[in-house]
Amino acid sequence: MATVTVPIHAPVIDWIMQNVHEDQVAPDVLDQLNAWKTGEKQPTLKQLEAMSRKTRIPFGYFLLQTPPDEDIALAEYRTVGSKKCRR
């Protein structure tokens, strides 16, 4: 059976890498994302599902053509100890 690959757009991968906490994922996850970004490899649907679980980013975000536009104005009011919110 032939494997079906899914194209992932580089700006979306950049957004995912910015929103992944590097200390919470294995180094091979970042290597795999880089390989997808450069076009060296293309993921299958199963690989995307696994990556979604590992990075804790919703599966549908991987299929977008542009990164999602986040409005975190409300989140600024929900911080612990009135600390500034990072992305």
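Residues numbered from 1 in each chain as written. Predicted model: local features only at pLDDT ≥ 70, side-chain atom pairs only at ≥ 80, totals over all residues. Heavy atoms only, no water.

### A short note on unusual backbone geometry
Then, in step 1: The residue Arg56 is not glycine, and still its phi comes out positive at about 60°.
Then, in step 2: In this structure, Arg56 sits in the segment after α3 (45-55).
Then, in step 3: Overall, Arg56 belongs to the exposed group, its relative accessible area being 67%. (Helix = DSSP H or I, 4+ residues; strand = E, 2+ residues; numbered from the N terminus. Buried < 20%, exposed > 50% of the residue type's maximum accessible area, 1.4 Å probe, protein only.)

### Topic: helix α2 (residues 27-38)
Then, in step 1: In this model, α2 (twelve residues) spans 17 Å end to end at C-alpha, consistent with the 16 Å of a helix rising 1.5 Å per residue.
Then, in step 2: Listed as buried for α2 are Val29, Leu30, Leu33, Ala35 and Trp36.
Then, in step 3: As for α2, its buried residues are in contact with α1 (10-19) and α3.
Then, in step 4: Phi turns positive one or two residues past the end of α2, at Gly39, with a value near 85°. (Expected span 1.5 Å × (residues − 1). Contact = heavy atoms within 4.5 Å.)

### Focus: α3
Then, in step 1: Among the residues of α3, those classed as buried are Leu48, Met51, Ser52 and Thr55. Projected onto a plane normal to the axis of α3, the buried residues spread over an arc of 105° and lie on a single side. Facing away from the buried surface of α3 by more than 90 degrees, the exposed residues are Lys46 and Arg53.
Then, in step 2: The inward-facing, buried residues of α3 contact α2.
Then, in step 3: Directly beyond the C-terminal end of α3, a positive phi value near 60° is found at Arg56. (Arc of directions from axis to C-beta.)

### Structural notes on the nonpolar core
Then, in step 1: Grouped together as the largest cluster of nonpolar side chains are 16 residues, with contacts concentrated most on Ile16, Leu33, Trp36, Leu48, Met51, Ile57 and Phe62.
Then, in step 2: Going through the elements one at a time, α1, α2 and α3 are the ones with two or more residues in this core.
Then, in step 3: In this structure Phe62 touches Ile8, Val12, Ile16, Leu48, Met51, Ser52, Thr55 and Ile57, once residues within four positions along its chain are discounted. (Core = buried A, V, L, I, M, F, W, Y, C linked by side-chain atoms within 4.5 Å.)

The values reported here are purely geometric and, on their own, carry no functional implication.
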